[in-house]
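Breakdown of the fold
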Amino acid sequence: MSAYRDKDPRIHGIQTTIRVVPNFPKQGIMFQDITTLLLDPKAFKDTIDLFVERYKDKNISVVAGIEARGFIFGPPIALAIGAKFVPLRKPRKLPGEVISEQYELEYGRDCLQMHVGAVEPGERALVVDDLIATGGTLCAAMKLLEQVGAEVVECACVIEVPDLKGRERLNGKPLYVLVESH
């Protein structure tokens, strides 16, 4: 499911504010830079509003944001829908006891961690990030939440890079995106 396919008029404004930076962070990567979207208050608000409209009536109790750009979009969505925000962080960034999940990136390996006790069994979770490329990060996030008994309702990203087939790695879990990048 994608907002760009629904032809929402706000999508064009969001899409035009995303800058593409070639060969960053390494050769061959076409980096999708959302910092330029954040500089445009209307596009930023429209981005949050589209997600809130989708999730406000889905009984979501947890919005899990993936470091670092999921921290930008996740908290305002969580506040607007009455859910708590849970940060999923890189190693050694969270104090206290954590659970971990390693994953493959399009340009290396990484790990996500979550505080033990941040999410309770049976909670309904939304995973938020800025982009889905190969899907490794979203898969790791879902595994962390499912390890503690949460139900992952959906994943939400501003951008999808469909050529990298990340959606296929989600094993049928719903993914909602605002724009595609080719």
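Data block above holds the structure.
Because the structure is a prediction, the values reported are computed rather than measured. (Residues numbered from 1 in each chain as written. Predicted model: local features only at pLDDT ≥ 70, side-chain atom pairs only at ≥ 80, totals over all residues. Heavy atoms only, no water.)

**Quick look at the side chain of Asp46**
Defined as follows: Numbering of helices and strands runs from the N terminus, with a helix taken as a DSSP run of H or I at least four residues long and a strand as a DSSP run of E at least two residues long. Working definition: with a 1.4 Å probe on protein chains only, accessible area under 20% of the residue-type maximum means buried, over 50% means exposed, and in between means partly exposed. Whether two residues touch is decided by their heavy atoms; if any such pair falls within 4.5 Å, the residues are in contact.
Along the chain, Asp46 turns up in helix α3 (residues 41–55). According to the relative accessible area criterion, Asp46 is buried, its value standing at 9%. When neighbours within four sequence positions are excluded, Asp46 is seen to be in contact with Arg10 and Ile14.

**A word on the nonpolar core**
Spelled out, the test is: What makes a nonpolar core is a set of buried Ala, Val, Leu, Ile, Met, Phe, Trp, Tyr and Cys residues whose side-chain atoms join them at distances within 4.5 Å.
Ranked by internal contacts, the top residues of the largest apolar core, which has 30 residues, are Ile14, Val63 and Ile77. Those elements giving two or more residues to this core turn out to be α1 (10–15), α3, α4 (70–81), β7 (124–132), β8 (151–160) and β9 (175–180). It is α3 that contributes the most residues to this core, 6 residues altogether. With residues up to four places along the chain from it excluded, the contact list for Ile14 reads Leu37, Ala43, Asp46, Thr47, Leu50, Val158, Leu178 and Val179. Core analysis: the next-biggest nonpolar cluster, separate from the first, contains 28 residues, Ile99, Met114, Ala140 and Leu144 among them.

**Thoughts on the pattern of salt bridges**
As a reminder of what qualifies: For salt bridges, the criterion is a side-chain nitrogen of Lys or Arg within 4 Å of an Asp or Glu carboxyl oxygen.
Applying the stated criterion across every chain, the model contains 12 salt bridges. Residue Glu53 is joined to Arg10 by a salt bridge in which the shortest nitrogen-to-oxygen separation is 2.8 Å. You can see Glu53 sitting in helix α3 and its partner Arg10 sitting in helix α1, a full 43 residues away along the chain. Note that Lys84 and Glu123 form a salt bridge whose closest N and O atoms lie 3.0 Å from each other. Residue Lys84 is found in strand β4 (residues 84–88), and its partner Glu123 is found in the loop between β6 (108–115) and β7; the two are separated by 39 residues along the sequence. The partly exposed category is assigned to Lys84, whose relative accessible area is 32%. A relative accessible area of 14% places Glu123 in the buried class.

**Quick notes on helix α5 (residues 136–147)**
We apply this condition: How far a helix is expected to stretch is found by multiplying one less than its residue total by 1.5 Å.
Between its first and last C-alpha atoms α5 spans 16 Å; for 12 residues at 1.5 Å apiece the expected length is 16 Å, and the two agree. Burial analysis of α5 places 9 of its 12 residues in the buried class, the great majority of the element. Taken together, the buried positions of α5 are occupied by Gly136, Thr137, Leu138, Cys139, Ala140, Ala141, Met142, Leu144 and Leu145. Gly149 sits one or two positions beyond α5 and adopts a positive phi of about 90°.

**With respect to the sheet that holds strand β3 (residues 62–66)**
Note: strands within a sheet are paired through backbone hydrogen bonds, in either parallel or antiparallel orientation. The cut-off we apply is this: The rule for pairing is simple: two strands pair if DSSP sees at least two bridges between them. In this description, a line fitted to the C-alpha atoms serves as the axis of each element, helices being fitted only across the stretch in contact, and the angle between N-to-C directions of two axes falls anywhere from 0 to 180 degrees.
A sheet is described by the order of its strands in space; here 5 strands give the open sequence β4-β3-β7-β8-β9, paired in parallel fashion. The strands lining the two open edges of the sheet, one partner per strand, are β4 and β9. For this sheet the average axis-to-axis angle between neighbouring strands, irrespective of direction, equals 20°. In this sheet, β4 lies alongside β3 in parallel orientation, the contact comprising 5 bridges. Among the inter-strand pairings, Val63 is bridged to a residue of β4, identified as Phe85.

**As for unusual backbone geometry**
The omega torsion of the bond from Phe24 to Pro25 falls at 5°, within 30 degrees of zero and hence cis. The residue Pro25 is located in the loop between β1 (19–22) and β2 (30–33) in this model. Cis geometry marks the peptide bond from Glu67 to Ala68; its omega dihedral reads 0°. Among the structural elements, Ala68 can be located in the loop between β3 and α4. Its identity as a non-glycine residue notwithstanding, Asn59 has a phi of 55°, on the positive side. Take Asn59: it is sitting in the loop between α3 and β3. The backbone of Lys165 shows a phi angle near 60°, a positive value even though the residue is not glycine.

**What about the packing of aromatic side chains?**
Keep this limit in mind: We call Phe, Tyr and Trp rings a pair once their centres come within 6.5 Å, taking the six-membered ring for Trp, and we label the pair stacked below 30 degrees between planes, edge-to-face above 60, and tilted otherwise.
Going through the model one piece at a time under the given rule, you end up with 5 aromatic pairs. With centroids separated by 5.1 Å and ring planes inclined at 85°, the aromatic side chains of Phe24 and Phe31 adopt a geometry described as edge-to-face. The class for Phe24 is partly exposed, based on a relative accessible area of 43%. Here the aromatic rings of Phe44 and Phe73 are separated by 6.0 Å at their centres, their planes lie at 85°, and the arrangement is edge-to-face. In this pair, Phe44 is assigned in helix α3 and Phe73 in helix α4, connecting sequence segments 29 residues apart. Look at Phe44 and you get partly exposed, because its relative accessible area is 25%. Members of the aromatic cluster, joined through ring pairs, are Phe51, Tyr55 and Tyr176.

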